[in-house]
Amino acid sequence: MARGFNLAVIVGNVARDPEVRYTASKQAVAKFAVAVNRKWKGQNGEIHEEVDFIPVSAWGSQAENCEKYLRKGSAVLVEGRIRVSSYEKDGQKRTFTEVVARNVQFLGSPRREEGQESHGALSGSFRSGQVASLRESGFGGEMEGDFPMDFAEIDGSGTGGGEEADIPF
């Protein structure tokens, strides 16, 4: 039997504030969803957009950090594994899929109090050279409104082929 490999990496925006609960052994678990956008051009040239809301769970101190620093709309990168669970409710078997986070990277600026100015979704996380490299690679416009981006668009062709893009992580 072949050895399995289960790795999920998602980049998107937090769809709702993280909800933290504690297990009987006092271990924190944060639950939140990440919205991941996908755009494509149809055969007739029409632009289509689809949003997937991916459930995520983070454990321990990482869960507490998610509660402290993440809010609805925050840009985030989650690395982890896909877990499929099933349970019974009202006599019916239900299946639930989520990403169990191993690493959560906060891509935005730290949480700001009301009235303070935010400097974009990526301002606190990437060095200026990395942002410039993205723009030179064909990703134009203001970063905040376009994030999360489809990395296939970086090379400008939309196919994801060709030269390897300078992805900042």
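The model shown is predicted, which means the values in this text are computed figures rather than measured ones. (Residues numbered from 1 in each chain as written. Predicted model: local features only at pLDDT ≥ 70, side-chain atom pairs only at ≥ 80, totals over all residues. Heavy atoms only, no water.)

Overview of the overall build of the chain
Phase 1: Each helix and strand in the chain was counted, giving three helices and six strands.
Phase 2: Listing each helix as α and each strand as β along the chain from the N terminus yields β-β-β-β-α-β-β-α-α.
Phase 3: For the chain, the proportion of its 169 residues judged to be buried stands at 31%.
Phase 4: Within the chain, residue pairs in contact and separated by at least 24 positions form 53% of the contacts whose partners lie at least 6 positions apart. (Helix = DSSP H or I, 4+ residues; strand = E, 2+ residues; numbered from the N terminus. Buried < 20%, exposed > 50% of the residue type's maximum accessible area, 1.4 Å probe, protein only. Contact = heavy atoms within 4.5 Å.)

Regarding the confidence of the model for the chain
Phase 1: Summary statistics for the chain give a mean pLDDT of 75 and a share of 64% for residues scoring 70 or more.
Phase 2: Every residue in residues 115-169 is under pLDDT 50, and counting partners more than four places away or in other chains gives 66 contacts. (pLDDT = per-residue confidence, 0-100.)

A closer look at the packing of aromatic side chains
Phase 1: Within this structure, the stated rule accounts for one aromatic pair.
Phase 2: For arginine 38, the ring lying beneath its charged end belongs to tryptophan 40, and the centroid distance is 4.2 Å. (Phe/Tyr/Trp six-rings, centres within 6.5 Å; stacked < 30°, edge-to-face > 60°. Lys NZ or Arg CZ within 6 Å of the ring centre and 35° of its normal.)

A short note on unusual backbone geometry
Where the residue is not glycine, phi is negative for most of them; where a peptide bond is considered, it is trans in most cases.
Phase 1: If you check the backbone angles, lysine 26 has positive phi at about 65° while not being a glycine.
Phase 2: Checked against the element boundaries, lysine 26 lands in the loop between strand S2 (19-22) and strand S3 (28-41).
Phase 3: Classification of lysine 26 by relative accessible area gives exposed; the value is 70%.
Phase 4: Within the chain, aspartate 90 stands out as a residue other than glycine whose phi angle is a positive 55°.
Phase 5: Its location among the elements puts aspartate 90 in the loop between strand S5 (75-89) and strand S6 (92-106).
Phase 6: Look at aspartate 90 and you get exposed, because its relative accessible area is 70%.

Description of the side chain of serine 57
Phase 1: Among the structural elements, serine 57 can be located in strand S4 (residues 47-59).
Phase 2: Overall, serine 57 belongs to the buried group, its relative accessible area being 0%.
Phase 3: If near-sequence neighbours (up to four positions away) are discounted, serine 57 is found in contact with Val29, Ala30, Lys31, Arg83, Glu98, Val99, Val100 and Ala101.

Details of the pattern of salt bridges
Phase 1: Applying the stated criterion across every chain yields a total of five salt bridges.
Phase 2: In this structure, the salt-bridge partner of glutamate 19 is arginine 21, at a minimum N-O distance of 2.7 Å.
Phase 3: For arginine 21, a relative accessible area of 56% puts it in the exposed group.
Phase 4: Arginine 83 is the salt-bridge partner of glutamate 98, the closest N and O atoms lying 2.2 Å from each other. Placement of glutamate 98 in strand S6 and of arginine 83 in strand S5 is noted, with a sequence separation of 15 residues between them.
Phase 5: What makes glutamate 98 buried here is its relative accessible area of 3%.
Phase 6: A relative accessible area of 25% places arginine 83 in the partly exposed class.
Phase 7: Among the ionic contacts, a cluster of salt bridges with common partners joins Lys31, Arg83 and Glu98. (Salt bridge = Lys/Arg side-chain N within 4 Å of Asp/Glu carboxyl O.)

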